[in-house]
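The residues making up each chain are set out below.
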Amino acid sequence: MTDITASSPASGTARLGVMLMLLGMAMFSLNDVLGKWLVATYSVSQLMLIRSAAAMLVLTPFLWRTGWRQLIDVDRPKLHFLRSALYAFEASAFYFAVAYMPLADAMTYWLAAPIYVAALSPLLLREKVGWRRWTAIIIGFIGVVIALEPSKDTFTLPALIALAGSLAFSVAMVLGRSLRAAPDTTLVFWQMGAAVIFAGVWCLADPSGWAPVSGAGLGLLSLLGIVAMSAHMLVNRSLKLADAATVVPLQYTLLLWAVIFGWIFFGDLPRPAMLIGAGFIVASGLFIFFREQQLKRRARG
């Protein structure tokens, strides 16, 4: 999922925006499938390093046009660093989680991120949250508990890491709201740079986890980063062509893709508890989103 902080102008071409959002979600799902397949051969640290370095190379022309001074000389650098470190951790947590659990299960935890953001906003951003959204937040948390299905058999380390990763993603999204004034290229530069440093230090600390990389392997690991960057670009473009209320709910198609791809490529069948919990989470997330849109329209009116 991606961090949505602004609505698109109403004059955009809504139909094209919808198509781009759906394509972007399919690309994110392809990234997830490819990542799950690659972590069977390569360590998470190695995957993250090559993936993030490839994404940085793709971004280089855009970064060069922006100017390196604007990328480095930023306001609130500590906040940029914390946000980027959280994104590096959550990406690593996701790839670790999908190595041991079905795609749909892992995606369910990440789909709960908007619920965590709504719960954290009063504490971190001093935003007011009314009783309706608090009710939706509680329902969403119930969905997380149902999907987690706590027991000695299901309350595993991958599940805990997935939960921690989704929480880190949520805090990073909240911090992103405080950095809205920063250009997109600056945010991406810090995010990718932190991932390269994080993974590089991890590889140096545990060199035994580095596996020999063939030409095909290098290409696939690089493709992983390129696919993720392409997905972000498609989503950002869709938000410029269509209203956020039209395209943002389409992000929940990620769960559908996760179920389909998980079954086709890995033979994973979703657990009933996961499907029920996901239903609670999706319903809660959609209510929170549309409620926030309603309040924004009232504030503008």
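Since the model is a prediction, treat every value here as computed from it, not as a measurement. (Residues numbered from 1 in each chain as written. Predicted model: local features only at pLDDT ≥ 70, side-chain atom pairs only at ≥ 80, totals over all residues. Heavy atoms only, no water.)

A. Examining the overall build of the chain more closely. If you tally the helices and strands in the chain, you get 13 helices and zero strands. Reading the secondary structure of the chain in the N-to-C direction produces α-α-α-α-α-α-α-α-α-α-α-α-α. In terms of overall dimensions, the chain has C-alpha extents of about 60 × 50 × 35 Å along its principal axes. Sorting the 301 residues of the chain into buried and exposed places 50% on the buried side. Within the chain, counting contacts between residues at least 6 apart in sequence, those at least 24 apart form 89% of the total. Surface accessibility of the chain: about 14600 Å² in total, with carbon and sulfur atoms responsible for 69%. (Helix = DSSP H or I, 4+ residues; strand = E, 2+ residues; numbered from the N terminus. Buried < 20%, exposed > 50% of the residue type's maximum accessible area, 1.4 Å probe, protein only. Contact = heavy atoms within 4.5 Å. Areas by Shrake-Rupley, 256 points an atom, 1.4 Å probe, with all protein chains shown as cover.)

B. A look at the pattern of salt bridges. Enumeration according to the criterion identifies one salt bridge in this entry. In this structure, Arg271 and Asp105 form a salt bridge, with 2.8 Å as the shortest nitrogen-oxygen distance. Of this pair, Arg271 sits in the loop between helix 12 (253–266) and helix 13 (272–300) while Asp105 sits in helix 5 (residues 103–111), and the two are 166 residues apart along the sequence. (Salt bridge = Lys/Arg side-chain N within 4 Å of Asp/Glu carboxyl O.)

C. Molecular detail of empty space enclosed by the protein. Following the criterion strictly, the structure yields one cavity of 30 Å³ or more and no others. Of the volumes computed, that of the largest cavity is approximately 30 Å³. Every residue along the wall of the largest cavity is listed here: Ser29, Asp32, Leu103, Met107, Leu254, Trp257 and Ala258. Listing elements by their share of the lining of the largest cavity, those giving two or more residues are helix 1 (14–38), helix 5 and helix 12. Split into classes, the residues belonging to the lining of the largest cavity amount to five nonpolar, one polar and one charged. (1 Å grid on protein atoms, 1.4 Å probe; cavity = no way out; pocket = protein on both sides within 12 Å on 5 of 7 lines; lining within 4 Å. Points joined across faces, edges and corners; volume = space filled by probe spheres on them. Nonpolar A, V, L, I, M, F, W, Y, C, P; charged D, E, K, R; others polar.)

D. Local environment of the environment of Pro122. Inspection of the secondary structure assignment puts Pro122 in helix 6 (residues 113–124). When the C-alpha atoms of Pro122 and Pro77 are compared, they prove to be 23 Å apart, with 45 residues separating the residues in sequence. Excluding residues that lie within four positions of it along the chain, Pro122 makes contacts with Glu127, Val129 and Trp134.

E. Focus on the packing of helix 1 against helix 12. Here helix 1 crosses helix 12 at 40°, and the two axes come no closer than 9 Å. Relative to helix 12, the element helix 1 is oriented oblique. Remark: the crossing between helix 1 and helix 12 carries right-handed chirality. On helix 12, the residues that touch Leu22, Met25, Ala26, Phe28, Ser29, Leu30, Val33, Lys36 and Trp37 of helix 1 are Thr253, Leu254, Trp257, Phe261, Phe265 and Phe266. (Axes fitted to C-alpha atoms, helices over the stretch in contact; angles between N-to-C directions. Parallel < 35°, antiparallel > 145°, perpendicular 65-115°, else oblique. Left-handed = near helix turned anticlockwise from the far one by under 90°.)

F. Spotlight on a nonpolar patch on the surface. Residues Leu256, Ile260, Trp263, Ile264, Phe265 and Leu269 make up a contiguous nonpolar surface patch of roughly 680 Å² in combined accessible area. When you line up the elements, Leu269 lands in the loop between helix 12 and helix 13. Taking relative accessible area as the criterion, Leu269 reaches 62% and is therefore assigned exposed. (Patch = residues over 30% accessible without salt bridge, like charges linked within 9 Å, V, L, I, M, F, W, Y side chains within 5 Å.)

G. Representation of the nonpolar core. Judged by nonpolar contacts, the single largest core of 76 residues is most densely connected at Tyr95, Tyr109 and Trp110. Among the elements that take part in this core, helix 4 (residues 77–100) stands out by supplying 10 residues, more than any other. Those residues in contact with Tyr95 that sit more than four places away from it in its chain are Asn31, Gly35, Val39, Val44, Leu47, Met48, Arg51 and Leu224. Counting 10 residues, the second largest nonpolar core, distinct from the first, contains Leu71, Trp190, Met192 and Met229. (Core = buried A, V, L, I, M, F, W, Y, C linked by side-chain atoms within 4.5 Å.)

H. Quick look at helix 6. Burial within helix 6 is extensive, with nine of its 12 residues counted as buried. Buried within helix 6 are the following residues: Ala113, Pro114, Ile115, Tyr116, Val117, Ala118, Ala119, Ser121 and Pro122. Of the surrounding elements, those touching the buried residues of helix 6 are helix 5, helix 7 (131–148), helix 8 (157–177) and helix 13. Phi for Arg126, located one or two positions after helix 6, is positive at around 60°.

I. Main features of the confidence of the model for the chain. Per-chain confidence: the chain averages 83 in pLDDT, with 92% of residues scoring 70 or above. For the chain, per-element mean pLDDT is lowest for helix 11 (residues 244–247), which scores 68, and highest for helix 4, which scores 91. Here residues 4–12 is modelled with pLDDT under 50, and outside its nearest four sequence neighbours on either side it reaches 19 contacts, counting other chains as well. (pLDDT = per-residue confidence, 0-100.)

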